[in-house]
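Spelled out from the first residue to the last, the chains are:
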Amino acid sequence: ETGVTQTPRHLVMGMTNKKSLKCEQHLGHNAMYWYKQSAKKPLELMFVYSLEERVENNSVPSRFSPECPNSSHLFLHLHTLQPEDSALYLCASSQPGDTNNEQFFGPGTRLTVL
Amino acid sequence: GQSLEQPSEVTAVEGAIVQINCTYQTSGFYGLSWYQQHDGGAPTFLSYNALDGLEETGRFSSFLSRSDSYGYLLLQELQMKDSASYFCAVLYNFNKFYFGSGTKLNVKP
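Residues numbered from 1 in each chain as written. Chains lettered and ligands numbered in written order. Predicted model: local features only at pLDDT ≥ 70, side-chain atom pairs only at ≥ 80, totals over all residues. Heavy atoms only, no water.

(A) View of the state of the cysteines. Residues and elements named next belong to chain A. All chains considered together, the criterion is met by 2 disulfides over all chains. Disulfide partner of Cys-23: Cys-91, at an S-S distance of 1.9 Å. Taking the torsion about the sulfur-sulfur bond, which here is approximately -70 degrees, the covalent link between Cys-23 and Cys-91 counts as left-handed. On the criterion of sequence distance, the pair formed by Cys-23 in strand β3 (residues 18-25) and Cys-91 in strand β9 (residues 87-94) is long-range, its members being 68 residues apart. Note on Cys-23: relative accessible area 0%, which makes it buried. (Disulfide = S-S within 2.5 Å. Helix = DSSP H or I, 4+ residues; strand = E, 2+ residues; numbered from the N terminus. Buried < 20%, exposed > 50% of the residue type's maximum accessible area, 1.4 Å probe, protein only.)

Spelled out as structure tokens, the structure:
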């Protein structure tokens, strides 16, 4: 596989469930990101990992917990979510310092919290 | 903090030229990017401007004026497949982007 992949593509969960989103990049990049995209709102940067260290936590509630075990994998662990957390969760990767600072996005996980 | 402003929606006809503006306020600035996102798809990279001036890539061009905190994306010879949302994004730290709300472009026959 090439590029950035995300699983699952769709997820429906109750407020008491625990689930995890997975992201994998096959581009050899050093930085990985989680974004939240809600209807009619900008992409919100949630977390940034650079060389497997978290370098940004953008005031995200603790019910979202990221994990980056290595430079190719990124997880977002979810627990006791709220209905307003329903959104498209996008993972991206980049190689900081590259000429264009291009971010490569995965297809996203469409999350619905009931 | 960071803020970005871009129009929410623009409509144009096939073959026309359209310009999508983006103004920004940011505590740090490395460059301005543009991304395209079709409904149901992931954002894809279009351009990046770190210096003032115009960058051209095929039918798409992007402009930056750092002194005016302003940029735009110019789309020429519009095609139906250009109907999508277009996001400007500021690189405000070494590896951190702030995205605008997006401009929905409707291309009509």
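That shown, we press on.
(B) Quick peek at the environment of A:Thr5. All names here are of chain A. Structurally, Thr-5 can be placed in strand β1 (residues 4-7). With a relative accessible area of 18%, Thr-5 lands in the buried category. When the C-alpha positions of Thr-5 and His-73 are compared, they lie 9.8 Å apart, and in sequence the two are 68 residues distant. Setting aside residues up to four positions removed in sequence, Thr-5 forms contacts with Lys-22, Cys-23, Glu-24, His-26 and Pro-107. (Contact = heavy atoms within 4.5 Å.)

(C) Expanded view of the interface of chain A and chain B. Taken together, the 24 residues of chain A in the interface contact 16 residues of chain B. Where chain A meets chain B, there are 0 salt bridges. For the pair chain A and chain B, the number of links is 3 residue pairs in polar contact (both at pLDDT 80 or more). When residues of the side of chain A that touches chain B are traced back to their parent elements, those giving at least two are β4 (31-37), β5 (44-50), β6 (53-57) and β9 of chain A. Per-element tally for the side of chain A that touches chain B: the top contributor is β4(A), with 4 residues. (Salt bridge = Lys/Arg side-chain N within 4 Å of Asp/Glu carboxyl O. Polar contact = N/O pair within 3.5 Å; in protein donor to acceptor, adjacent residues only side chain to side chain.)

(D) The pairing of strand β3 (residues 18-25) of chain B, seen in detail. All names here are of chain B. In β3, alternate side chains face the same way, and those of Val-18, Ile-20, Cys-22 and Tyr-24 are buried while those of Gln-19, Asn-21, Thr-23 and Gln-25 on the opposite face are not. Relative to strand β8 (residues 70-75), β3 runs antiparallel, the two sharing 6 bridges. For Ile-20, the partnering residue across the bridge sits in β8 and is Leu-73. (Pairing = 2+ DSSP bridges.)

(E) Just the nonpolar core, in detail. Counting residues in hydrophobic clusters, the biggest one holds 40 residues, and the most contacted among them are A:Tyr35, B:Leu75, B:Tyr86 and B:Phe99. Every residue in contact with B:Leu75, bar those within four places of it in the chain, is listed here: B:Ala16, B:Ile17, B:Val18, B:Ile20, B:Arg59, B:Phe60, B:Tyr86 and B:Leu105. Of all hydrophobic cores here, the second largest spans 22 residues; its members include A:Met32, A:Leu74, A:Tyr89 and A:Val113. (Core = buried A, V, L, I, M, F, W, Y, C linked by side-chain atoms within 4.5 Å.)

(F) The arrangement of the side chain of B:Ser85 in detail. Structurally, the position occupied by B:Ser85 is in strand β9 (residues 84-93). Setting aside chain neighbours within four positions, we find B:Ser85 in contact with B:Tyr35, B:Gln36, B:Gln37, B:Thr103 and B:Lys104.

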